[in-house]
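Listed below are the residues making up each chain.
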Amino acid sequence: MSFVDEGVEAVLDRFQSEAKINALFIATFSYGRGIAGRQVPGQPLPDHGKQEYDTEFHGGNFARTHDQYYAHTSLKKIQAPDHGSFDVLASVLPQAKSRHMKVFCWYEDVFRSDLERIDRLQEVTLSGEKAGTLCFHNPEVQAFWQALTEDYLRSYPVDGIMWGSERQGPFGNAIGAVHGGVRSNPLEVTCFCYFCKRAAKSRGIDVQRTLEGYSKLASLVRNSRAANRPADGYFVSFWRLLVTYPEILAWQKLWNDGQKSTYVDIYQLAKSIRSDVAVGWHIWHNNSFSPFYRAEQDYAALSRHSDFLKVVMYNNCGGARLASYVNSVSRTIFGDLLPEGVLDLTYRVQNYQEPDLAELPRNGLSAGYVETETRRAVAGVSSPSAESASSANALGTTKIWPGIDIDIPTGQGEKKTEPQDVRDAVRAALSAGADGVILSRKYSEMRLANLRAVEEALRA
Ligand SMILES: [Zn+2]
């Protein structure tokens, strides 16, 4: 968006001279406002760019869509209508190259439901409704990600690609183990479509038992939120359900395996097209909060098919998000504890220590959290288990580029990014062994003083 609003040359000039930026992660595909479009309406506009909100934001593919690659998927009409004929890659690549800046396509798993024929690709919820999300076990979805990847790599001389999916499986969603989780509806968890049921049967998972288990889980979550404490307490009741219906976790793994095979498929296709292209992933912030989600993000396993990992370590908005996670699970699986107790448990399990619950949203997380999480990621991709016979990558070659947040919107009274925060977080990441940092989420929401603080961090 900023390239259109402010001009490609002007933006690149600023990136180089004021923040020493040497690589661009261009939001080439998304229907979400997190990485595309201008500032989110309702939040203050930054001190650059057009001083008005893009309330008509639509999203889609911001490069040109080349139809020949989309033969095996019904989802073809993905061209973003937002900027007319402006092709962000064709416009930025030549100028970035002449400045020796690397260019990555940054595309993510976020859709809207009014796209032509998207219903054929959508997930199905526990209650049998179509969801707004797409199913990784659906062949047309797999073909879609292959098509988009091939389109980018054959149509443009980009240096790399980064794909992201900020989603988790049905168990984590059912218990609300995520920031914003209080709004999660355990009857809307996914996916129970034809393709998932078929994949489950081939693994010997009983579909009927799974549906029964998730329905009982939904009842337990609803009762927990209503403070109807079971005789044996919340935790024991949740655990009892899991051992009675091991299908709940089997389905969770089925979902995860679909997401993971998307990583592997994108990696292998990209390398088959151009072996020198850098391929990596955006690892969702929930990794810092939910131990259930963290357990599924195995850096050693991921590193086998990753040239780099952007591990999200947004410390400024992280305080409010962690508090939100805690407030959600302290009314489901951890309902036996007070929210303060859940926060303490989370700190101990996740291995970082930060303010108490009252201070957390206002203070955010510290640079110390960034340092701890960076060390953990570097150790993860360097561990001996990262190498295996099936490994496409040599041990220790996966780069860690922590995602540092600059002005990601937070609520009223919650932590806002200041230059000192950016300096401290960038220094913390680099001193802990990061190979670089990715300033997140998007330039169109960043204030210039905070961006300039990156250059100061590098100078010191
Ligand atoms: Zn499915």
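Relevant structure appears above.
The text that follows walks through the structure, step by step, so that each part is easy to find. Sequence order as written defines residue numbering, which begins from 1 separately in each chain. Per-residue local features of the predicted model are confined to residues with pLDDT of at least 70, and side-chain atom pairs are confined, for both listing and counting, to 80 or more; whole-chain, interface and lining totals are unaffected and use all residues. As a convention, hydrogens and water are excluded, and side-chain values are obtained from all of the structure's heavy atoms.

Thoughts on the overall build of the chain
Each helix and strand in the chain was counted, giving 18 helices and 11 strands. A 1.4 Å probe rolled over the protein chains alone gives each residue an accessible area, and that area as a share of the maximum for its type sets the label: buried under 20%, exposed over 50%, partly exposed in between. Buried positions account for 57% of the 460 residues belonging to the chain. Two residues form a contact once any of their heavy atoms are found within 4.5 Å. A fraction of 76% describes how many contacts in the chain between residues 6 or more apart in sequence connect residues 24 or more apart. In the structure as shown, the chain presents an accessible area of about 18400 Å², 51% of it carried by carbon and sulfur atoms. Counted as positive: Lys and Arg. Counted as negative: Asp and Glu, with His and the chain ends omitted from the count. Where a charge sits is defined by one atom per residue type, namely NZ (Lys), CZ (Arg), CG (Asp) or CD (Glu). Here the chain carries 51 positive and 54 negative side-chain charges, and the mean point of each set is 3 Å from the other. For the purposes of this entry, the term helix denotes a DSSP run of H or I that reaches at least four residues, the term strand denotes a run of E that reaches at least two, and both are numbered from the N terminus. What sets the accessible areas is the Shrake-Rupley method with a 1.4 Å probe; for residues, cover comes only from the shown protein chains.

Some details on the packing of helix H17 (residues 419–431) against helix H18 (residues 448–459)
Put simply, H17 and H18 touch, their axes get as near as 8 Å, and they point 40° apart. Accordingly, the angle class assigned to the pair H17 and H18 is oblique. Crossing of H17 against H18: the hand is right-handed. Contact residues: H17 offers Pro 419, Val 422, Arg 423, Val 426, Arg 427 and Leu 430, while H18 offers Ala 449, Asn 450, Ala 453, Val 454, Glu 456, Ala 457 and Leu 458. Throughout this entry, Asp, Glu, Lys and Arg are counted as charged residues, while Ala, Val, Leu, Ile, Met, Phe, Trp, Tyr, Cys and Pro are counted as nonpolar. The remaining residues, Gly among them, count as polar. Of the residues in the contact of H17 with H18, the class split is 9 nonpolar, 1 polar and 3 charged. Whenever a helix is involved, its axis is fitted only over the stretch in contact; in every case the axis is a line through C-alpha atoms, and angles between N-to-C directions fall within 0 to 180 degrees. We call two directions roughly parallel when the angle between them is under 35 degrees, roughly antiparallel when it is over 145, roughly perpendicular when it lies between 65 and 115, and oblique otherwise. Should the near helix be turned anticlockwise from the far one by less than a right angle, the crossing is left-handed, and should it be turned clockwise, the crossing is right-handed.

Quick look at helix H6 (residues 194–202)
Residues of H6 that are buried: Cys 196, Ala 199 and Ala 200. Each buried residue of H6 sits inside an arc of 100° when the element is viewed along its axis, so together they form one side. With respect to the buried face of H6, the exposed residues turned more than 90 degrees away are Tyr 194, Lys 201 and Ser 202. Where the residues of H6 are buried, they touch helix H7 (207–225) and helix H9 (247–273). Gly 204 sits one or two positions beyond H6 and adopts a positive phi of about 80°. The directions from the helix axis to the C-beta atoms are what the arc is built from.

Describing the pairing of strand E8 (residues 308–311)
Two faces, one strand: in a regular strand the side chains alternate between the faces of the sheet. Across the two faces of E8 the burial is the same, with Phe 308 and Lys 310 and Leu 309 and Val 311 all buried. In this scheme, strands are said to pair when DSSP sees at least two bridges between them. As paired elements, strand E7 (residues 278–283) and E8 share 4 bridges and run parallel to each other. Each bridged residue has a counterpart across the sheet, and for Trp 281 the counterpart in E8 is Leu 309.

Regarding the pattern of salt bridges
The salt bridge criterion pairs a side-chain nitrogen of Lys or Arg with a carboxyl oxygen of Asp or Glu, the two atoms within 4 Å. Scanning all chains against the criterion turns up 31 salt bridges. Across the pair Arg 14 and Glu 18 runs a salt bridge, and its minimum N-O distance is 3.6 Å. Of this pair, Arg 14 and Glu 18 both sit in helix H2 (residues 8–19), 4 residues apart, roughly one helical turn. One salt bridge connects Asp 407 with Arg 447, and the closest N-O pair in it is separated by 3.3 Å. Residue Asp 407 is located in the loop between strand E10 (403–405) and H17, and its partner Arg 447 is located in the loop between strand E11 (438–440) and H18; the two are separated by 40 residues in the primary sequence. On the basis of relative accessibility, which here comes to 10%, the residue Asp 407 falls in the buried class. Accessibility expressed as a relative area gives 35% for Arg 447, which makes it partly exposed. Each of Glu 6, Arg 14, Glu 18 and Arg 452 takes part in one network of salt bridges that share partners.

Honestly, that's just the spatial picture; any functional story needs more than this.
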